[in-house]
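The residues making up each chain are set out below.
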Amino acid sequence: MPARLMEIDGVPLLRATGPGPARAGLAFRAGRADETPATAGVTHLIEHLVLRRLRAAPGSCGGGAPVLTTFATQGTATEVSAFLTGVCAALADLPSTLDDARAELRAEAAARTPTVFDSLAVVRHGVHHHGLAGMPEWGLHTLTADDVRAWAAEYFTGQNAVLWVTGPELPSGLRLALPPGVRKPVPDATTETGPFGEFRPPAHDTIVRDEVQPAGIVTAVYAGVLERAVFHATGRVAGDGAHRVEARYRPRGDGLAAVTVLAEVFAGNPGPVAGEFLDALAELRAHPIREEHVAAVVAETDRTLLRSGARLPEQAFALLTGHPEPPLAELRARLRAVTADEVGTLAASSQAAELLLTSWNGLIGPSPAGAAPVAGRRFRSLENRRAALTMDKTAITRTWPRSRPVTVPFASAAVLLKWPDGGRRLIGPDARHVDVEPTLHETAPDVVPAIDAAVPADRHVPLPAREADAIPIPRPRGEQAVRYGGAGALLMGLIAWVLAWGSMTLAITPGATSWPVTLFGMSWLSGFWGAVRLRSVRNTVVAHRRMTRAHSASGRRSAPPGSPPLPAKAP
């Protein structure tokens, strides 16, 4: 049966009848894309507080998306009614103590493995709006009970909600006591051009292509055709069960949708799979789409549409975001009318907003250069003489050998993470960051206060004190000297001794010219330099051992340069 649009207590109700237990979901147009880096996690915290209060409810759960939060349940009509009534009551009476909920969410974040889609969100959108779905929930450390209540009063209202219910009958006596409000528009993501940040590799060798297309049934069919084409192409070089292909059509709520296709390689060399992956994409762009492939995807999608109630969550999403779907009969008719030419048009335009990434090479293609380095006060690294922080009144730049400088302007910083020990992390809107650790640089006492004053106060995120072994200290410079200096000195010494013996042999040979004597002297000088260098390396090794013992005693280590720029989990 198609869904009917009704209303209950001013909240739109999508109703579909069907067999089995009653199922329902109360969806709100609120999610990570509405937050800021300083308030990141507030929507998840509210969802968690509500479900903690309803822990005994059968089959209940909560779920979030960048622009949507849903409380769902299933059971008898009476149980569904009690759950929905309880959700509204819990939203109106959020607790004043958040410590337990914070701890539970931090433990949940620590146990969660970031997905490819988390990293894609940051690469595509940076550190704002939809990109926050891939960032840590920094706000959990600073949000107060008043902050949480204010967010709930603004976003969890009757006018910003849609209820969907499926089952044999509508729960009797159902009431939704939600406060009045307004429908929140979807945050605009069209001005976020990307790519930003860095691609965090998943657990397996993976190649990913992400693009942006107009939302609609044609794009959904295109995603299905894309998955079939990539699967058949990569299957020719991957063994059975050695790889996985998935394509996702993900509407953003702003009239556009992300179409993402990925191939994971579980065993063997990913190179051939990546080659077939790229060839399949190129063939779709350059050659006509086969009608039988489109027909197969259309038939599969049509079967999904016919399942009673199966699309109620999608219809609720479309209604909340201001792009309601047509009636089922009209939608099925449009689906059956999709042609190979329409799908081919999308394939041909796929490179316009394309991101191509691999787990072994990161982003393939050019990336924005970021802000220009600044000239100002320079603070040398205690780990590497060629590394430094440079700061003026407007920005700070991090330089490291064989790496591009990274600059974060103070005025446009997305967030400033602050630790009580004086450590700071400035993250720009493009996800690039600069760490300021007084233990790693020869900073002056006024540097950290100057940074705090230059970054707008609403972007400060104070974090809890770090454990002793989490506070970085300089790695011994002797590590590089031992690794490279010793090898260089030994090689130079070996060459010098070979030259010395060879030139001496020539010098004592009858009829030899004078140049072997000169070579003999030069080689002995080289040997003398090598011996001095070896003595210097020996002294460095001794110093290194002493520093290592000191490090072991204190239990503190510094993160190596080149560590991931953004934590996958909240600090």
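Residues numbered from 1 in each chain as written. Predicted model: local features only at pLDDT ≥ 70, side-chain atom pairs only at ≥ 80, totals over all residues. Heavy atoms only, no water.

S.K.: Would you explain the overall build of the protein in this entry?
M.R.: The helix and strand tally for the protein stands at 14 helices and 19 strands. Sorting the 571 residues of the protein into buried and exposed places 45% on the buried side. When contacts within the protein are restricted to residue pairs at least 6 apart in sequence, those whose partners lie at least 24 apart make up 73%. Accessible surface, the protein as shown: approximately 27,300 Å² in total, 58% of it carbon and sulfur. (Helix = DSSP H or I, 4+ residues; strand = E, 2+ residues; numbered from the N terminus. Buried < 20%, exposed > 50% of the residue type's maximum accessible area, 1.4 Å probe, protein only. Contact = heavy atoms within 4.5 Å. Areas by Shrake-Rupley, 256 points an atom, 1.4 Å probe, with all protein chains shown as cover.)

S.K.: What should I look at first to understand the side chain of Asn160 in this one?
M.R.: Looking at where Asn160 falls in the secondary structure, it is placed in the loop between helix H5 (145-155) and strand E6 (161-167). At 2.9 Å, the side chain of Asn160 and the backbone nitrogen of Lys184 are in polar contact. Residues contacting Asn160, with those up to four places away along its chain left out, are Ala27, Phe28, Arg29, Tyr155, Val182, Arg183, Lys184 and Leu320. (Polar contact = N/O pair within 3.5 Å; in protein donor to acceptor, adjacent residues only side chain to side chain.)

S.K.: Looking at this structure, I do not really get the pairing of strand E13 (residues 388-391). What am I missing?
M.R.: Two faces belong to every sheet, and in a regular strand the side chains alternate between them. Residues Ala388 and Thr390 of E13 are buried on one face, and the alternating residues Leu389 and Met391, pointing to the opposite face, are buried as well. Direction of pairing for strand E12 (residues 377-380) relative to E13: antiparallel, over a ladder of four bridges. For Arg377, the partnering residue across the bridge sits in E13 and is Met391. From the end of E13 to the start of strand E14 (residues 395-399), which pair antiparallel, there are three residues. (Pairing = 2+ DSSP bridges.)

S.K.: When you look at the environment of Arg209 in this model, what are you seeing that I'm missing?
M.R.: Residue position: Arg209 is located in strand E7 (residues 205-214). Distance from Arg209 to Leu356, taken between C-alpha atoms, is 4.6 Å for residues 147 residues apart in sequence. Not counting the four nearest positions on each side in its chain, Arg209 is found in contact with Tyr222, Leu226, Val259, Thr260, Val261, Phe277, Leu281, Arg285, Ser350, Glu354, Leu355 and Leu356. In this structure the side chain of Arg209 is engaged in a polar contact, spanning 2.5 Å, whose partner is the side chain of Glu211.

S.K.: Please clarify how the sheet that holds strand E16 (residues 415-418) should be interpreted in this entry.
M.R.: Adjacent strands of a sheet pair through backbone hydrogen bonds, lying either parallel or antiparallel. Strand order in the open sheet formed by four strands is E18-E17-E16-E19, and the pairing between neighbours is mixed. Only two strands of the sheet have a single neighbouring strand rather than two, namely strand E18 (433-436) and strand E19 (460-462). Ignoring which end each strand starts from, the neighbouring axes of this sheet average 15 degrees apart. Pairing analysis gives three bridges linking E16 to E19, with the strands arranged parallel. When the bridges of E19 are listed, Leu416 appears paired with His460. (Axes fitted to C-alpha atoms, helices over the stretch in contact; angles between N-to-C directions.)

S.K.: Before we go on, may I ask you to explain the nonpolar core in this structure?
M.R.: A general feature of soluble globular proteins is that nonpolar side chains tend to end up buried together. Counting 40 residues, the largest nonpolar core has Phe156 and Leu163 as its most contacted members. When residues of this core are traced back to their parent elements, those giving at least two are strand E2 (11-17), strand E3 (22-28), helix H1 (42-53), helix H2 (77-92), helix H3 (99-111), H5 and E6. Element by element, the count of residues in this core is highest for H2, at seven residues. For Phe156, the residues in contact, after removing those within four places along its chain, are Phe28, Ala30, Thr43, Ile46, Thr69, Phe71, Leu91, Trp151, Leu178 and Pro179. Counting 37 residues, the second-largest nonpolar core is a separate cluster that includes Ala263, Val338, Leu346 and Ala347. (Core = buried A, V, L, I, M, F, W, Y, C linked by side-chain atoms within 4.5 Å.)

S.K.: Just to check I follow, could you spell out the packing of helix H8 (residues 291-306) against helix H10 (residues 328-336) for this structure?
M.R.: Axes are the key here: two packed helices are described by the angle between their axes and the distance separating the axes. In contact at an axis separation of 10 Å, H8 and H10 are set at 175 degrees when each is read in the N-to-C sense. As judged from the angle between their axes, H8 and H10 are roughly antiparallel. Contacts between H8 and H10 involve Val298, Thr301, Asp302, Leu305 and Leu306 from the former and Leu328, Leu331, Arg332, Leu335 and Arg336 from the latter. (Parallel < 35°, antiparallel > 145°, perpendicular 65-115°, else oblique.)

S.K.: Can you help me understand the side chain of Arg252 in this one?
M.R.: When you line up the elements, Arg252 lands in the loop between strand E8 (243-251) and strand E9 (256-265). Given the relative accessible area of 8%, Arg252 is considered buried. For Arg252, the side chain forms a polar contact with the side chain of Asp254, separated by 2.9 Å.

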